[in-house]
Amino acid sequence: MEPTRNYNIIYEGNEYKTVMLNIYSTEEFEKEYTYTGDDLGAVWSKEKTAFRVWAPTADAVKVNLYEEGTEGTDDLMEQLSMTADINGTWVAEKEGDLNGTYYTYLVEINGEKHEACDPYARTTGVNGKRAMVIDLSSTNPKGWEDDTDPHAGMTYNDAVIYELHVRDLSSDASSGITNTGKFLGLTETGTTTESGIPTGLDHMKDLGITHLHLLPVYDYGSVDETALDKPQFNWGYDPVNYNVPEGSYSTDPYHGEVRVEEMKQMVKTLHDNDISVVMDVVYNHVYDASKFNFNVIVPGYFSRVDEDGNYSNGSECGNDTASERSMVKKYIVDSVKYWADEYHVDGFRFDLVGLIDTETINEIVEEVHKNHPNVIFYGEGWTMDTTLTKEGYKLATQKNSTETPEFAYFNDTIRDALKGNIFDTSEAGFVSGASGLEETIEQCFMGLAQDWCTTPAQSVNYASCHDNMTLLDRISRSTPNASREDHIKMNNLSAAICITSEGIPFMQAGEEMLRTKPKSDGGFDENSYASPDSVNSLKWDTLDDKQYQDVYNYYKGLIAFRKEHAALRLTNAEDVKEHVKPVDGLDGNVVAFQIDGGVNGEVSNGMFVIFNANNADVKIALPKGAWDVCINGETAGTEILETVTEGKVTVPPISAMVFVKNDAAVLCVRKK
Ligand code: CA
């Protein structure tokens, strides 16, 4: 039987279609056609370029060499015939320096010819239609050899993650940033609002985040790179070329080297400013499955498709990636490794990782950690309905989190407990006055969300991200009768819980300056994936207003406090259970903890943490001794705001209070 053909089998009078889609996932096929080399794509050297593509079902493959990268340009320079090689791969070589030459593959299957961009393309021309041969070393910024992750050696729990869309940082005029909407906009320092408030990179650095998580920056399909003079916006969850930076974020999407140079420049500058870089990667589905390069070259291989041609659609984006197939798994592992190796990316956020099998995820982590042990991994582990093409696989969901011990998951338990369920936006959460959530907040504060989370090293704690309403909008929506002042108190209480909790704090950019996405009808935009810049941009000039500046300083202080106290950054459940003790017998809507100081690296002799979500004062008995207040409802940081001794302390309405045990020896270290 030839794997390049479809057969009809007649058995007991009935005709059965035997299609490749079933065969791809068989042991026989995988044994014969799994290629394990590291030279897929176009491997450049000054003397020659070697091409290798995996196309086991092709009858013939050619390489088209073009002068330019724009699809449809009549500039074919040469066509190279490829030779069938091992494990379903095809090879060709071309002598000479091909740096800057564009190319595609022309694949013949069952008498039909299809042209496709290289799935292993390192860069492309405009809109990702033609790959480009590239001398990657020529794209390195100055000092690249010495560039490293500024947070190497730290644990997952030391990270403070800030989630940003490239455009949002610079697309409002008040940013003062020149390279609007570009990678280079993230490299500008010294930018301010008209009144002199720092914006952009300086703002993020001053806030104290450790990791900048960027919404998709690989090449995606929903923004037309040939029409960048027209207003366009998209989050970018529609992958086209997984190993190529998005062209619309470069200053020139037509010349393949520019996007590579500029993205590396961005990473380098962020590293130089003490910020690690996380990429949002979307391997679970592609923009258009039938046109996706891998599927054009090997029909239907990349996606979960049944024998009638129906795509599995757990992603609700039209298709799910068949990560369980050997060459898809290799492709994803190679891709993540490539970003870590070539672009010095320090972390990966996996979109809908619950569609990807645990074996693939563990192999990614293992492979990347060989050379980059500091790289962090986390993702959306929701359980979704997908149809795997092989038996015996588990999916990387929250519920299976113990199967992927070095991969963290977004904690929707704390998200919903803090501000209310995402599906019913009128529902309040703990900070907005809902009762009965004390135990959930307690478990989440300990990084051990009931039902799924067994270690704080796997819990990404958040109240807001790009999806759904911003934190302030969500709070306002569920408590329409509360005052602006109370909305801000709720916002800050949420931040205090999130940032002091065991686990990994994460926030949407702008949460620290009361970001809002209002709609013209008076509501809030909860899915602004294609909304204009006017909705999505960060409004820097709001920081000219003291109300916003105060919130900003509160977040900054919370982050500084977290960084100072190792006891808030415990890496396992045993340590948490030993050192973090919930306080019993409190009023409703109040949660408190006593944290002892016996933790490696902890500078204090203990902490006492109180969260009061009531719209009234509560009195709580402090344990024996003198206690320094470092965080209250208005101010947060490492400075001592006041010192109180044992007895009852009054915690104002809708506020946090965090006390550090007063000890002369420690005081000397802490006082500036
Ligand atoms: Ca693109």
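Residues numbered from 1 in each chain as written. Predicted model: local features only at pLDDT ≥ 70, side-chain atom pairs only at ≥ 80, totals over all residues. Heavy atoms only, no water.

**Notes on the overall build of the protein**
Put simply, the rule is: Secondary structure is summarised from DSSP: a helix means a run of H or I of at least four residues, a strand means a run of E of at least two, and numbering begins at the N terminus for each. Residue exposure (1.4 Å probe, protein chains only): buried if accessible area is under 20% of the type maximum, exposed if over 50%, otherwise partly exposed. When checking whether two residues touch, look at their non-hydrogen atoms; a contact exists if any pair is within 4.5 Å.
Within the protein one finds 16 helices and 27 strands. Overall size of the protein, expressed as C-alpha extent along the three principal axes, is 85 × 65 × 50 Å. Within the span of the protein, comprising 672 residues, buried residues form 60% of the whole. The long-range share in the protein, meaning contacts at least 24 apart out of those at least 6 apart in sequence, stands at 71%.

**Quick word on the sheet that holds strand 20 (residues 459–462)**
Short version of the rule: At least two bridges found by DSSP between two strands are what make those strands a pair. Note on geometry: axes are lines fitted to C-alpha atoms, helical ones only across the stretch in contact, with angles between N-to-C directions running from 0 to 180 degrees.
Pairing in this closed barrel of 8 strands is parallel, and the strands run 12-13-16-17-18-19-20-21 around the ring. Strand after strand, the sheet turns through a mean of 30° between neighbouring axes, direction not considered.

**Quick notes on the domain arrangement of the protein**
It is common to give the size of an interface as the accessible area lost on bringing the parts into contact. Short version of the rule: Either an automatic procedure or a domain database provided the assignment from which the domain bounds are taken.
According to the domain assignment, the protein contains domain 1 (7–139) and domain 2 (581–661). One C-alpha centre belongs to domain 1, the other to domain 2; they are set 62 Å apart.

**Quick word on helix 11 (residues 471–478)**
Most of helix 11 is tucked away, with 7 of its 8 residues classed as buried. Where helix 11 is buried, its residues contact helix 9 (412–419), helix 12 (484–500) and helix 14 (546–564).

**Thoughts on the state of the cysteines**
Going by this rule: By definition, disulfides here are pairs of cysteine sulfur atoms that lie within 2.5 Å.
Following the criterion strictly, the structure yields 0 disulfides and no others. Unpaired in terms of disulfides, Cys-444 finds its nearest cysteine sulfur in Cys-453, a separation of 8.5 Å. Cys-444 supplies the cysteine sulfur nearest to Cys-498, a cysteine that is in no disulfide, at a spacing of 9.4 Å. We classify Cys-498 as buried; its relative accessible area is 6%.

**Topic: the coordination of the calcium ion**
The condition is simple: With water omitted from the atoms examined, metal sites may look incomplete; donors here are N, O and S atoms no farther than 2.8 Å from the metal, or 3.2 Å in the case of Na, K and Ca.
Asp-219 (OD), Tyr-220 (O), Glu-225 (OE) and Glu-246 (OE) make up the full set of protein donors to the calcium ion, lying at 2.2 to 2.4 Å. Donor residues binding the calcium ion come from one chain and are separated in sequence as D-Y-x4-E-x20-E. On the basis of relative accessibility, which here comes to 3%, the residue Tyr-220 falls in the buried class. A relative accessible area of 1% places Glu-225 in the buried class.

**What about the pairing of strand 24 (residues 606–612)?**
Within strand 24, 7 of the 7 residues are buried, which leaves the element mostly enclosed by the surrounding structure. Along strand 24, one buried face is formed by Gly-606, Phe-608, Ile-610 and Asn-612 and the opposite face, lined by Met-607, Val-609 and Phe-611, is buried too. Pairing of strand 23 (residues 590–596) with strand 24, which is carried by 7 bridges, proceeds in the antiparallel orientation. From the neighbouring strand, Gln-594 faces strand 24, where its bridge partner is Phe-608. As defined by bridge partners, strand 24 adjoins strand 27 (residues 655–661) across 6 bridges and the pair is classed as antiparallel. When the bridges of strand 27 are listed, Asn-612 appears paired with Ser-655.

**Describing the confidence of the model for the protein**
Inclusion rule: Here pLDDT means the predictor's own confidence in every residue, given as a number from 0 to 100.
Looking at the protein as a whole, the pLDDT averages 95, with 96% of positions reaching at least 70. The lowest-confidence element of the protein is helix 16 (residues 664–670), averaging 51 in pLDDT; the highest-confidence one is strand 12 (residues 161–164), averaging 99. Here residues 667–672 is a poorly scored stretch, pLDDT under 50, and it has 13 contacts once near neighbours within four places are set aside; other chains count.

**Brief notes about the side chain of Asn-411**
Filter applied, for reference: Within 3.5 Å is the distance limit for a polar contact, defined as a pair of N or O atoms, with the added protein rule that one can donate a hydrogen and the other accept it, and that residues adjacent in sequence qualify only through two side-chain atoms.
With respect to the helices and strands, Asn-411 occurs in strand 19 (residues 408–411). When its relative accessible area of 0% is taken as the criterion, Asn-411 is described as buried. Within the structure, Asn-411 has its side chain in polar contact with the side chain of Ser-459 (distance 3.1 Å). Leave out the neighbours within four places in its chain, and Asn-411 touches Gln-398, Cys-444, Ala-449, Trp-452, Ser-459, Val-460, Asn-461 and Tyr-462.

**Notes on the sheet that holds strand 26 (residues 642–651)**
If you trace the 6 strands from one edge of the open sheet to the other, you get 22-23-24-27-25-26, paired in antiparallel fashion. Among the strands making up the open sheet, the edge pair consists of strand 22 (580–582) and strand 26. Between one strand axis and the next, the sheet turns by 30° as a mean value, whatever way the strands run. Contacts between helix 10 (residues 438–445) and the sheet are confined to strand 22, strand 23 and strand 24, with strand 23 contributing the most and set at about 25° to the helix. Where helix 14 meets the sheet, its contacts fall on strand 24, strand 25 (618–631) and strand 27, and the angle it forms with strand 25 comes to roughly 85°.

**Considerations on the pattern of salt bridges**
Note the threshold: Whenever a carboxyl oxygen of Asp or Glu lies within 4 Å of a side-chain nitrogen of Lys or Arg, that contact is scored as a salt bridge.
Following the criterion strictly, the structure yields 28 salt bridges and no others. Glu-324 is paired through a salt bridge with Arg-304; the nearest N and O atoms lie 2.8 Å apart. You can see Glu-324 sitting in the loop between helix 6 (293–297) and helix 7 (326–343) and its partner Arg-304 sitting in the loop between helix 6 and helix 7, a full 20 residues away along the chain. Arg-304 shares its class with Glu-324; the two are buried.

**Considerations on a negative patch on the surface**
What counts is decided by this rule: Patches here are clusters of residues that have more than 30% relative accessible area and form no salt bridge, with a 9 Å joining cutoff for like charges and a 5 Å cutoff for nonpolar side chains (Val, Leu, Ile, Met, Phe, Trp, Tyr). Only the protein chains shown count as cover for residues, and all accessible areas are computed by the Shrake-Rupley method using a 1.4 Å probe. Positive residues here are Lys and Arg, negative ones are Asp and Glu, while His and the chain termini are left out of the count. A charged residue contributes its charge at one atom only: NZ of Lys, CZ of Arg, CG of Asp or CD of Glu.
Together, Glu-194, Asp-541, Asp-544 and Asp-545 give the surface a local cluster of negative charge. Here Asp-544 lies in the loop between helix 13 (533–536) and helix 14.

**Re the environment of Asp-147**
Within the element layout of this structure, Asp-147 appears in the loop between strand 11 (131–132) and strand 12. In this structure the C-alpha to C-alpha distance between Asp-147 and His-344, which are 197 residues apart in sequence, comes to 7.9 Å. Among all residues touching Asp-147, those that are not within four sequence positions of it are Lys-268, His-271 and His-344. Within the structure, Asp-147 has its side chain in polar contact with the side chain of His-344 (distance 2.6 Å).

**Notes on the environment of Ala-408**
Relative to the helices and strands, Ala-408 is located in strand 19. Look at Ala-408 and you get buried, because its relative accessible area is 0%. Along the backbone, Ala-408 and Lys-556 are 148 residues apart, and their C-alpha atoms lie at a distance of 24 Å.

**Here we look at the nonpolar core**
Just so we agree on the cut-off: By convention a nonpolar core is built from buried Ala, Val, Leu, Ile, Met, Phe, Trp, Tyr and Cys residues, the set being connected through side-chain atoms within 4.5 Å.
Of all hydrophobic cores here, the largest spans 183 residues; its most connected members are Phe-51, Phe-348, Phe-350 and Phe-377. At 10 residues, helix 7 tops the list of elements feeding residues into this core. Looking at this core, you find at least three residues from each of domain 1 (7–139) and domain 2 (581–661). The contact partners of Phe-348, leaving out residues within four places of it in the chain, are Val-278, Met-279, Val-281, Val-336, Trp-339, Ala-340, Val-375, Ile-376, Phe-377 and Tyr-378. Grouped together as the second largest cluster of nonpolar side chains are 14 residues, Ile-610, Ile-620, Leu-622 and Met-657 included.

**Quick look at the packing of aromatic side chains**
This is how it is decided: Between rings of Phe, Tyr and Trp, where Trp is taken as its six-membered ring, a pair exists when centres lie within 6.5 Å; planes separated by under 30 degrees are stacked, by over 60 edge-to-face, and by other angles tilted. By definition here, charges over rings are those cases where NZ of Lys or CZ of Arg is within 6 Å of the ring centre and within 35 degrees of the ring normal.
Tallied over the full model, the rule gives 38 aromatic pairs. Sitting over the face of the ring of Tyr-338, Arg-122 holds its NZ or CZ atom 3.9 Å from the ring centroid.

**Digging into the packing of helix 4 (residues 200–207) against helix 14**
For any two helices packed against each other, one specifies the inter-axial angle together with the distance between the axes. This is how the line gets drawn: For classification, angles of less than 35 degrees are called roughly parallel, those exceeding 145 degrees roughly antiparallel, those between 65 and 115 degrees roughly perpendicular, and all remaining angles oblique. In the scheme used here, Gly and all other residues not listed as nonpolar or charged are polar, with Ala, Val, Leu, Ile, Met, Phe, Trp, Tyr, Cys and Pro taken as nonpolar and Asp, Glu, Lys and Arg as charged.
Where helix 4 contacts helix 14, the axes come no closer than 9 Å and their chain directions differ by 50°. What the angle tells us is that helix 4 and helix 14 run oblique. On helix 14, the residues touching His-203, Asp-206 and Leu-207 of helix 4 are Tyr-552, Tyr-555, Lys-556 and Ile-559. Among the residues making up the contact of helix 4 with helix 14, the classes are represented as 4 nonpolar, 1 polar and 2 charged.

**Focus: helix 14**
Threshold: Helix span is expected to be 1.5 Å times the residue number reduced by one.
Compared with the 27 Å implied by 1.5 Å per residue over 19 residues, the 26 Å span of helix 14 between its first and last C-alpha is a close match. Restricting attention to buried positions, one finds in helix 14 the residues Tyr-548, Val-551, Tyr-552, Tyr-554, Tyr-555, Gly-557, Leu-558, Ile-559, Phe-561 and Arg-562.

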